[in-house]
Amino acid sequence: MQPDASIRIEDEGRVRILSLDNPGRKNSLNCRLYEALAAALDAAAAEDSVRVLVITGGARMFCSGNDLEDFVEHPIRDAGHPAYRFMHRLSAYDKPVVAAVEGHAIGIGCTLLLHCDLVYTGQGAFFQLPFVALGICPEFGSTFVLPALLGRQRAAELLLLGERFDAATAESLGLLNERVADGKALERALQAARKLAAAPPQALQATRRLLGNGRFAGMEIAMKEELEALIAALRGDEPARALTAFKRQRAGRP
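Calculation rules
- Residues numbered from 1 in each chain as written.
- Predicted model: local features only at pLDDT ≥ 70, side-chain atom pairs only at ≥ 80, totals over all residues.
- Heavy atoms only, no water.
- Helix = DSSP H or I, 4+ residues; strand = E, 2+ residues; numbered from the N terminus.
- Rg over C-alpha atoms; globule rule 2.2 N^0.38 Å.
- Buried < 20%, exposed > 50% of the residue type's maximum accessible area, 1.4 Å probe, protein only.
- Areas by Shrake-Rupley, 256 points an atom, 1.4 Å probe, with all protein chains shown as cover.
- Lys, Arg positive; Asp, Glu negative; His and termini not counted.
- Charge placed at Lys NZ, Arg CZ, Asp CG, Glu CD.
- Salt bridge = Lys/Arg side-chain N within 4 Å of Asp/Glu carboxyl O.
- Pairing = 2+ DSSP bridges.
- Right-handed = clockwise from strand over helix to strand, strands pointing away.
- Axes fitted to C-alpha atoms, helices over the stretch in contact; angles between N-to-C directions.
- Parallel < 35°, antiparallel > 145°, perpendicular 65-115°, else oblique.
- Left-handed = near helix turned anticlockwise from the far one by under 90°.
- Contact = heavy atoms within 4.5 Å.
- Nonpolar A, V, L, I, M, F, W, Y, C, P; charged D, E, K, R; others polar.

Enquirer: Would you explain the overall build of the chain in this entry?
Expert: When its secondary structure is counted, the chain shows ten helices and nine strands. Computed over C-alpha atoms, the radius of gyration of the chain comes to 17 Å, within 12% of the 18 Å expected from 2.2 N^0.38 for 254 residues, which places it in the range of a compact globule. A principal-axis box enclosing the C-alpha atoms of the chain has dimensions of 55 × 40 × 35 Å. Residue burial in the chain is summarised as follows: out of 254 residues, 49% are buried. About 12400 Å² of surface is accessible on the chain, with carbon and sulfur atoms providing 52% of the total. In the chain, the 30 positive side-chain charges and the 31 negative ones have mean positions that sit 2 Å from each other.

Enquirer: What is the right way to read the pattern of salt bridges from this model?
Expert: If the charged atoms of two oppositely charged side chains come close together, the side chains can form a pair. Evaluation of the coordinates by the stated rule reveals 14 salt bridges. Residues arginine 89 and aspartate 42 are paired through a salt bridge, measuring 3.0 Å at the closest nitrogen-oxygen approach. Taken together, the residues span a long stretch of sequence, with arginine 89 in helix H3 (residues 82-91) and aspartate 42 in helix H1 (residues 31-46) at a distance of 47 residues. Residue arginine 89 is classed as partly exposed on the basis of its relative accessible area of 30%. The exposure class of aspartate 42 is partly exposed, given its relative accessible area of 38%. In this structure, aspartate 237 and arginine 241 form a salt bridge, with 2.9 Å as the shortest nitrogen-oxygen distance. Exposure remark for aspartate 237: the relative accessible area of 48% places this residue in the partly exposed category. Overlapping salt bridges, with partners in common, bring together Arg8, Glu10 and Asp21 in one network.

Enquirer: What am I meant to see in the pairing of strand E2 (residues 15-20) here?
Expert: Strand residues, when the strand is regular, have side chains that alternate between the two faces of the sheet. Counting buried residues in E2 gives six out of six residues, a clear majority hidden from the surface. Residue alternation in E2 divides its side chains into two sets, Val15, Ile17 and Ser19 and Arg16, Leu18 and Leu20, and both sets are buried. Bridge count for strand E1 (residues 7-12) against E2 is six bridges, and the pairing is antiparallel. If you follow glutamate 10 over to E2, its bridge partner there is isoleucine 17. Between E1 and E2, which pair antiparallel and follow one another directly, the connecting turn spans two residues, one of which, glycine 13, has a positive phi of 60°. Following the backbone out of E2, through H1 and into the adjacent parallel strand E3 (residues 52-56), one traces a crossover that is right-handed.

Enquirer: What's the story with the pairing of strand E6 (residues 118-122) in this structure? I'm lost.
Expert: Within E6, five of the five residues are buried, which leaves the element mostly enclosed by the surrounding structure. Covered by surrounding structure in E6 are Leu118, Tyr120 and Gly122 together with Val119 and Thr121, the residues of both alternating faces. Bridge analysis of strand E4 (residues 97-101) against E6 gives four bridges, and the strand direction is parallel. Looking at E6, one finds that alanine 100 is bridged to tyrosine 120. Pairing geometry for E6 and strand E9 (residues 178-180), over three bridges, is parallel. Among the inter-strand pairings, glycine 122 is bridged to a residue of E9, identified as valine 180.

Enquirer: Is there a simple way to think about the packing of helix H5 (residues 142-150) against helix H6 (residues 152-161) in this case?
Expert: To describe two helices that pack against each other, one gives the angle between their axes and the distance between the axes. With their axes 7 Å apart at the nearest point, H5 and H6 run at an angle of 135° to one another. It follows that H5 is oblique to H6 by the angle criterion. Our pair here, H5 against H6, has a crossing hand that is right-handed. Along the contact surface, H5 presents Ser142, Thr143, Leu146, Pro147 and Leu150, while H6 presents Arg152, Arg154, Ala155, Leu158 and Leu159. Classifying every residue of the contact of H5 with H6 gives six nonpolar, two polar and two charged.

So, in structure tokens, the structure goes:
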């Protein structure tokens, strides 16, 4: 049974593929989709036949981040928000998660990649963390993971300036495993996922858990602190002004 028409769920042997399929909204995420994604994670976790999860967005786009109109209508007020529940499940997931990225991965579409074990992208993929420009702060552990991976200065560059960067830059920073020809990211991700799925499952899950043990406590603290800062930001007027400016820019108005 499909939990939502904007998410396609397919099984290839022991690999489950979750595909965002909302091209009319550039695969942006709203509360309904966050709930569907969290339910899909729970279902895959409960099925012994599923050993690896692959998250993708199709041949042209991965995810453009939060649906801004939905975000304004349903802002994050506490840890019960569907976006927080989904990302918390993903950050503590037991089974390996592989991402296949084509096109854009913006905002939370980029943040969620930080919680995947393996990331494969097309050559033309690009990334952006534009939180400050939108009048909000980074979320879901990005202020913990990025400095740990890149160092403070490079993390600050990505998070404070919020500028777009390409797949070659992401690879050089260690944010992805491999760039492949455009349109081939899913194929490459499935190659890796099949290999993972053929491994002894208990050893696979134990190794993944051990890889995360050293950072889990810090991640939990960061996610809670980011949540508090995000809630405080949303109480101010900066996000509304930034959204108005964004809409005017999109409409071509000065």
